[in-house]
Amino acid sequence: QLQLQESGPGLVKPSETLSLTCSVSGGSISNTNEYWGWIRQPPGKGLEWIGNIFYRGRTYYNPSLKSRVTMSVDTSKNQFYLNLSSVTTADTAVYFCARRRIPDYWGQGTLVTVSS
Amino acid sequence: DIQMTQSPSTLSASVGDRVTITCRASQSISSWLAWYQQKPGKAPKLLIYDASSLESGVPSRFSGSGSGTEFTLTISSLQPDDFATYYCQQYHSYSLITFGQGTRLEIK
């Protein structure tokens, strides 16, 4: 059974970079032709797609976040990553990692709060 | 941008009711639409993809229909476990995926 788990700091200061890791177990990131992605949800609000990455490195980012987002993959660690730079309080959200553009497997989500 | 608009925002219903949630796209997305169920504190769960294909393991009381710009999610007979928030998602383009704002299904 495929499992995804987000990890990273729960508190980030404004103007700094938010960095999260998604660890995949029960399957290999590079054994499929799937995209992997990040989605976020501000407290009490709806879902926002951040972007997707293919294991070979091809990326697609939400245009509204594109200037601040970088995603990467480490197939040797079976992990993929999210960096979001120059964060503000508007970036406070639960961040989910997921498999596929139509996510069928999700991590449990991790709350990241942007505050000084 | 492709905007997705769900209606209603909140729906009150009783166990056994048949309910329908609508999702409208600001432009045609063919059948590139999915539906998710989310419960508080949990990740969303995929119910329907490609507008009408039922995800494996999802009860058959859930069904989806539509194409182009108008889509519906129908629950044929509400069960207690179905009270949750539902989201539609379009994936017409690799470079922009968008979700509807959500429909909260609550107990009447």
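Refer to the structure printed above.
Quick caveat: nothing in here was measured; it's all calculated off a predicted structure. (Residues numbered from 1 in each chain as written. Chains lettered and ligands numbered in written order. Predicted model: local features only at pLDDT ≥ 70, side-chain atom pairs only at ≥ 80, totals over all residues. Heavy atoms only, no water.)

**Student:** Quick question: what am I supposed to make of the overall build of chain A here?
**Tutor:** Looking only at helices and strands, chain A has zero helices and 11 strands in total. Along chain A, helices (α) and strands (β) appear in the sequence β-β-β-β-β-β-β-β-β-β-β when read from the amino end. On the principal axes, the C-alpha backbone points of chain A span a range of 40 × 25 × 25 Å. Across the 116 residues in chain A, those meeting the buried criterion constitute 50%. Looking at chain A as shown, the accessible area adds up to about 5300 Å², and 44% of this sits on carbon and sulfur atoms. Distance from the positive charge centre (11 side chains) to the negative charge centre (7 side chains) of chain A: 5 Å. (Helix = DSSP H or I, 4+ residues; strand = E, 2+ residues; numbered from the N terminus. Buried < 20%, exposed > 50% of the residue type's maximum accessible area, 1.4 Å probe, protein only. Areas by Shrake-Rupley, 256 points an atom, 1.4 Å probe, with all protein chains shown as cover. Lys, Arg positive; Asp, Glu negative; His and termini not counted. Charge placed at Lys NZ, Arg CZ, Asp CG, Glu CD.)

**Student:** Help me understand the overall build of chain B, please; the structure alone is not making it clear to me.
**Tutor:** Looking only at helices and strands, chain B features zero helices and 11 strands. In sequence order, the secondary structure elements of chain B are arranged as β-β-β-β-β-β-β-β-β-β-β. Relative to a compact globule of 108 residues, whose C-alpha radius of gyration would be 13 Å, chain B shows 13 Å and is just as compact. When the backbone C-alpha atoms are referred to their principal axes, chain B occupies close to 40 × 25 × 25 Å. When each of the 108 residues of chain B is scored for burial, the buried share is 46%. The long-range share in chain B, meaning contacts at least 24 apart out of those at least 6 apart in sequence, stands at 57%. Working note: accessible area of chain B is about 4900 Å², and carbon and sulfur atoms make up 45% of it. (Rg over C-alpha atoms; globule rule 2.2 N^0.38 Å. Contact = heavy atoms within 4.5 Å.)

**Student:** What should I look at first to understand the pattern of salt bridges in this one?
**Tutor:** Opposite charge on two side chains permits pairing when their charged atoms draw close. Residue and element names in this part refer to chain A. Within this structure, the stated rule accounts for 10 salt bridges over all chains. The residue Arg100 makes a salt bridge to Glu34 at a minimum N-O spacing of 3.8 Å. Of this pair, Arg100 sits in the loop between strand S9 (93–99) and strand S10 (105–106) while Glu34 sits in the loop between strand S3 (18–25) and strand S4 (35–41), and the two are 66 residues apart along the sequence. Here the residues in one salt-bridge network are Glu34, Arg99, Arg100 and Asp104, joined through shared partners. (Salt bridge = Lys/Arg side-chain N within 4 Å of Asp/Glu carboxyl O.)

**Student:** Could you clarify how one ought to interpret the state of the cysteines in this entry?
**Tutor:** Under the counting rule described, the total for this entry stands at two disulfides over all chains. At a sulfur-sulfur separation of 2.1 Å, the disulfide partner of Cys22(A) is Cys97(A). Between Cys22(A) and Cys97(A), the disulfide has an S-S torsion of 60 degrees and is therefore right-handed. Separated by 75 residues along the polypeptide, Cys22(A) in strand S3 and Cys97(A) in strand S9 bring together distant segments of the chain. Accessibility classification places Cys22(A) together with Cys97(A) in one group, the buried group. The disulfide bridge from Cys23(B) ends at Cys88(B), spanning 2.1 Å between sulfur atoms. Because the torsion about its S-S bond is 65 degrees, the bridge between Cys23(B) and Cys88(B) counts as right-handed. Placement of the pair is Cys23(B) in strand S3 (residues 19–25) and Cys88(B) in strand S9 (residues 85–93), with a sequence separation of 65 residues. (Disulfide = S-S within 2.5 Å.)

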